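Okay, here's what each chain looks like letter by letter:
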Amino acid sequence: MFMTVADIKRILNAQVHCGDDLMDKEVKTACGSDMMSDVLAYVKDQSVLLTGLVNCQVIRTAEMMDMVCVVFVRAKTPSEEMLELARERGIVVMSTQYRMFTACGLLYEGGLKGGCRVE
Amino acid sequence: MAGDDFTRAGEASGKVKNAMKQLGLNSDAVRKVAIAMYEGEINMVIHAGGGQADVDITPDAVLMVLTDHGPGIADIDQAMQEGWSTAPESVRNLGFGAGMGLPNMRKYTDDMKIESTVGQGTTVRMKVNLK
């Protein structure tokens, strides 16, 4: 039994900005952070990134980490430039009303684990 | 790599990553190279006004040489410490400047060498083994 992007959308009552056709993608772990350097130190792939930071480098970071999905917390919305980057790279982008702590908690309760570790 | 536009930072690393994927290289190596290059690219944009990256892909390894003509690094050992950063406030607001760039680059590569002269620039050489 694994979690998909569709499950994340449902659990976080999220709004999808791009990647409607990628809802079946499996998500294995999650990372919640506003510091991209910390995200880059995080090893696992097929992950979802929860963040309150809104700039193009969030999408670039997700690309480098082979992340499946980016969720902006606190209802923050990405720019069109960010969405274009995400579409080109096959990354789902969503927004949720929940704040970081609650969003992470809901996903954790739903069975998604973090497992951030530094090699 | 252009140093005047933070939005474009990451473009070069993305291209290298795609090239490696198209070559069918193993995904762990692709990710390590992509992250190391991306951190290096961000460093050059933040501190040096841009720079140049040369990437060689051989059957055994990926070799990256990142060169800039920025201010140089006065104390390389200090710069390699986790958390040590000279990034300006504007960069920290963008989610960078936590002082993890160089340590991350070292962590994800199998070999890393930094040569730098204050006032002239910096060259970072990195290697990720494919076998």
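What counts and how
Residues numbered from 1 in each chain as written. Chains lettered and ligands numbered in written order. Predicted model: local features only at pLDDT ≥ 70, side-chain atom pairs only at ≥ 80, totals over all residues. Helix = DSSP H or I, 4+ residues; strand = E, 2+ residues; numbered from the N terminus. Rg over C-alpha atoms; globule rule 2.2 N^0.38 Å. Buried ≥ 20, exposed ≤ 12 C-beta atoms within 10 Å, placed from the backbone. Contact = placed C-beta atoms within 7 Å. Expected span 1.5 Å × (residues − 1). Pairing = 2+ DSSP bridges. Axes fitted to C-alpha atoms, helices over the stretch in contact; angles between N-to-C directions.

A few words on the overall build of chain B. When you go through chain B residue by residue, the secondary structure sums to five helices and four strands. Put simply, chain B runs from its N terminus to its C terminus through helices and strands in the order α-α-β-β-α-α-α-β-β. For 131 residues, the compact-globule estimate of 2.2 N^0.38 gives 14 Å, and chain B sits close to it at 14 Å. Along the first, second and third principal axes, the C-alpha set of chain B runs to 40 × 30 × 25 Å. Counting the 131 residues in chain B, one finds 40% classified as buried. Look at the contacts in chain B between residues 6 or more apart in sequence, and 60% of them connect residues 24 or more apart.

For the rest of this paragraph, the subject is helix α1 (residues 11-22) of chain B. Along its twelve residues, α1(B) runs 17 Å from first to last C-alpha, staying within 8% of the 16 Å computed at 1.5 Å per residue. All of the buried residues along α1(B) are B:A12, B:S13, B:G14, B:V16, B:K17 and B:M20. Against the buried residues of α1(B) lie α3 (56-64) of chain A together with α2 (27-48) and β1 (52-57) of chain B.

Here we come to the sheet that holds strand β4 (residues 121-129) of chain B. Within a beta sheet, neighbouring strands are joined by backbone hydrogen bonds and run either parallel or antiparallel to one another. Residues and elements named next belong to chain B. The strand order across the open sheet formed by four strands is β1-β2-β4-β3, and the pairing between neighbours is antiparallel. Lying at the two open borders of the sheet, with one neighbouring strand each, are β1 and β3 (111-117). Direction aside, the axes of adjacent strands within the sheet are offset by 10° on average. For β3 and β4, the ladder comprises seven bridges, and the chain directions are antiparallel. Bridge assignment links D111 to a residue of β4, and that residue is K127.

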